Amino acid sequence: MDQDQRGLSPQTSKSSSHQNQVSRSKEFPLDFFIQKKFMTDDFKSILEEAQQKYSIKSIHISPKNQIPELEGQAFTIEDSGENKMNTKCDAALHIIQLLQEKCKQQINIILLIPEGIVSFLIGSKGSQLAKIIEETNAKITVNQPIVNYSPRTVKIVGDHSTIHSAIRAITKKMQERGISSEDYKKVPETLNPQKVSVKTKLIFQSSVVDYILKNKNEIENKYDVEIKTKESNEIRLTQKCKLKRDDKIIQLQGSLSNVQDALSSLIRRVSEYLKKQELEIKIVMPASFASKLIGAKGCQIRELATKSKGAQIKVLSDKDETDHDYYCIVQIAGNLQNKQDASKLILQQIECFKNGGPIMDSGKFLNEDNLNQISQLSNNYEDHKIKRQKSSSQSERNSRSRSISRRKHKHQRKRSVERRSASSSYSKRRERANVLSTKMIVSNEVMHILEKYHKLSEYKERYNVDIQADDSRRNSESYLRLKGKLKDCLIVIEEILNEQQKILRK
């Protein structure tokens, strides 16, 4: 199987073979991080008490593991003695119990694991991690890596016994494989387009492929890439992405930056060759990346469209077929510059997914308090969505009932008049039900952005929704009153959520 089919970069496969030669230990220190809001003034004495109670060699504060821009303390439970792992887990439980008793709230803990063990812990398609979550009933999140920070953060949420079970299950899985010094040395690196080797597959009409092959020598020499055709049976496309009779697959191989430049040149050349005929770009991508590229409620794909200044991007994929052996298609339409910009961004995003996803600038986004407001808005949106679904199902049931009644009593004129009357009143009720009047709470920071860039007036004109900003503001919150059709109001709410997400990313 090709490297691009496995989703591994050359660096990854090299380090994997090297790891087979190094020795791994079944006993290793446990590293944790406690956020400041869960800590007490006597935190050090709690660590000392746990050390003495369980006869651990050392439990100490670990400044080297401090998460950037996240308030709290990292600490290490260290004892190299044989069969000490369960004892170290029990000591961690004791610390969690004491902190929970003193701060009188349910706490969560961040387990710090070596970067080199992450893929093994998650397992193929997340199977290992899913099994641990199912067995322990804990909420476990393996967060994205943080730039210039070697440990990977694993957030565990639950009561103290659930957290203890999760820590034990994770450490047991780590012991099965063992930890080497290489695992600790591995540091997440940002994607380097000049060093990452890629094999990008595209779908074009046979006439376009013939034109590309005629000019391939010039492009290969200029951009240092290799161009060749691929047979359709070499790639397993999802049901929704079946090739047309006239379609052919072409592959560009080289460094990411060279392939991006070569593809931009090809798009320009082919567009000139076709003249008035529209060129549609179809990029082949692993089907498992479809949901990542689209993002929550389409936020990711909208951002790519915005960055490419209006390109129309569409992901063709079946929801049920997310197996790594399957591929889907990303369609790009628009003017020449749109296609070139969007193609570059999508190729980079795909390689980013293959190499483990984006790297965070700091650990401040691990603090759940930063997400409270957006969660509140998201819940508000979901409530309206549920109401709309209930209204739709009720409408379908009423429609079926009326249809049966018409067939049964069509010979009775009186019943016919009554049906028309009932239908008319139902339509009026439906119109009234489709009108939504609601109040929305947003942060002052979001409100400032909405007012600064005249977003509210833009939404009002575009979606025909009456939006009024309430002058009474309290603390860091503002109020918005929305009134209009249910569907249009939900779209406006989603637009405001997207503005919130942009601020959180910054």
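Residues numbered from 1 in each chain as written. Predicted model: local features only at pLDDT ≥ 70, side-chain atom pairs only at ≥ 80, totals over all residues. Heavy atoms only, no water.

An unreviewed UniProt entry annotates the chain as K Homology domain-containing protein of Paramecium octaurelia.

Caption draft 1: Examining empty space enclosed by the protein more closely. Counting across every chain of the model gives two cavities of 30 Å³ or more. As a volume, the largest cavity reaches approximately 130 Å³. Lys199, Thr200, Val284, Ile350 and Lys354 are, among the 14 residues lining the largest cavity, the residues nearest its centre. Listing elements by their share of the lining of the largest cavity, those giving two or more residues are strand 7 (197-205), strand 11 (281-286) and helix 14 (336-354). A breakdown of the residues in the lining of the largest cavity according to their chemical character gives eight nonpolar, one polar and five charged. Computed from the structure, the second largest cavity encloses a volume of approximately 50 Å³. (1 Å grid on protein atoms, 1.4 Å probe; cavity = no way out; pocket = protein on both sides within 12 Å on 5 of 7 lines; lining within 4 Å. Points joined across faces, edges and corners; volume = space filled by probe spheres on them. Helix = DSSP H or I, 4+ residues; strand = E, 2+ residues; numbered from the N terminus. Nonpolar A, V, L, I, M, F, W, Y, C, P; charged D, E, K, R; others polar.)

Caption draft 2: Region of the structure containing unusual backbone geometry. Residue Ser55 is not a glycine yet carries a positive backbone phi of 50°. Considering the arrangement of structural elements, one finds Ser55 in the loop between helix 3 (43-53) and strand 2 (58-61). Residue classification places Ser55 among the exposed positions, given a relative accessible area of 51%. At Asn464, a position not held by glycine, the phi torsion is positive, near 55°. With respect to the helices, strands and loops of the structure, Asn464 is situated in the loop between helix 18 (455-463) and strand 15 (466-474). On the basis of relative accessible area, Asn464 is assigned to the exposed category, the value being 65%. (Buried < 20%, exposed > 50% of the residue type's maximum accessible area, 1.4 Å probe, protein only.)

Caption draft 3: How the structure looks around the sheet that holds strand 5 (residues 139-142). Taken together, six strands build an open sheet; the order of strands is 2-3-1-4-6-5 and the sheet is antiparallel. The open sheet has two edge strands with one neighbour each: strand 2 and strand 5. Strand-to-strand twist across the sheet, computed as the mean angle between neighbouring axes with direction ignored, equals 25°. As paired strands, strand 5 and strand 6 (residues 152-157) are joined by four bridges and run antiparallel to one another. The residue of strand 6 that forms the bridge with Thr141 is Lys155. Relative to strand 6, helix 7 (residues 160-177) is tilted by about 145°, and along the sheet it contacts strand 1 (30-35), strand 4 (108-113), strand 5 and strand 6. (Pairing = 2+ DSSP bridges. Axes fitted to C-alpha atoms, helices over the stretch in contact; angles between N-to-C directions. Contact = heavy atoms within 4.5 Å.)

Caption draft 4: Highlighting the pairing of strand 3 (residues 72-78). In terms of residue burial, strand 3 counts as a mostly covered element, since five of its seven residues are buried. Pairing between strand 1 and strand 3: six bridges, direction antiparallel. In the strand pairing of strand 3, Asp31 is matched with Thr76. Bridging between strand 2 and strand 3 involves four bridges; their strand directions are antiparallel. In the strand pairing of strand 3, Ile59 is matched with Ile77.

Caption draft 5: Molecular detail of the packing of aromatic side chains. The final tally for this structure, using the stated rule, is four aromatic pairs. Their ring planes at 70° and their centres at 5.9 Å tell us that Phe43 and Phe75 sit as a pair that is edge-to-face. Note that Phe43 is positioned in helix 3 and Phe75 in strand 3, a separation of 32 residues in sequence. Taken as a pair, Phe43 and Phe75 share a single burial class, namely buried. (Phe/Tyr/Trp six-rings, centres within 6.5 Å; stacked < 30°, edge-to-face > 60°.)

Caption draft 6: Molecular detail of the side chain of Asp488. Topologically, Asp488 is positioned in helix 19 (residues 486-505). Buried and unpaired, Asp488 has Lys485 as its nearest opposite-charge partner, separated by 5.6 Å. Sequence-distant contacts of Asp488, that is, excluding residues within four places in its chain, are made with Tyr463 and Val465. (Lys, Arg positive; Asp, Glu negative; His and termini not counted. Salt bridge = Lys/Arg side-chain N within 4 Å of Asp/Glu carboxyl O.)

Caption draft 7: Structural detail: the pattern of salt bridges. Summed over all chains, the structure comprises 20 salt bridges. Residues Glu303 and Lys307 are paired through a salt bridge, measuring 3.5 Å at the closest nitrogen-oxygen approach. Residue Glu303 and its partner Lys307 are both found in helix 13 (residues 299-307); the two are separated by four residues, about one turn of the helix. Residue Lys307 is classed as exposed on the basis of its relative accessible area, which comes to 51%.

Caption draft 8: Fine view of helix 4 (residues 85-103). Taking 1.5 Å as the rise per residue, helix 4 with 19 residues should run 27 Å; its terminal C-alpha atoms sit 27 Å apart, in good agreement. Positive phi appears at Lys104, one or two residues downstream of helix 4, with a value of about 55°. (Expected span 1.5 Å × (residues − 1).)

Caption draft 9: View of the nonpolar core. Ranked by internal contacts, the top residues of the largest apolar core, which has 53 residues, are Phe204, Ile283, Met285 and Ile313. Of the residues forming this core, the biggest block, eight residues, is contributed by helix 11 (residues 256-274). Leave out the neighbours within four places in its chain, and Phe204 touches Val209, Ile212, Asp246, Asp247, Lys248, Ile250, Leu279, Glu280 and Ile281. In this structure, Ile34, Cys103, Leu111 and Ala138 belong to the second largest nonpolar core, which totals 43 residues. (Core = buried A, V, L, I, M, F, W, Y, C linked by side-chain atoms within 4.5 Å.)

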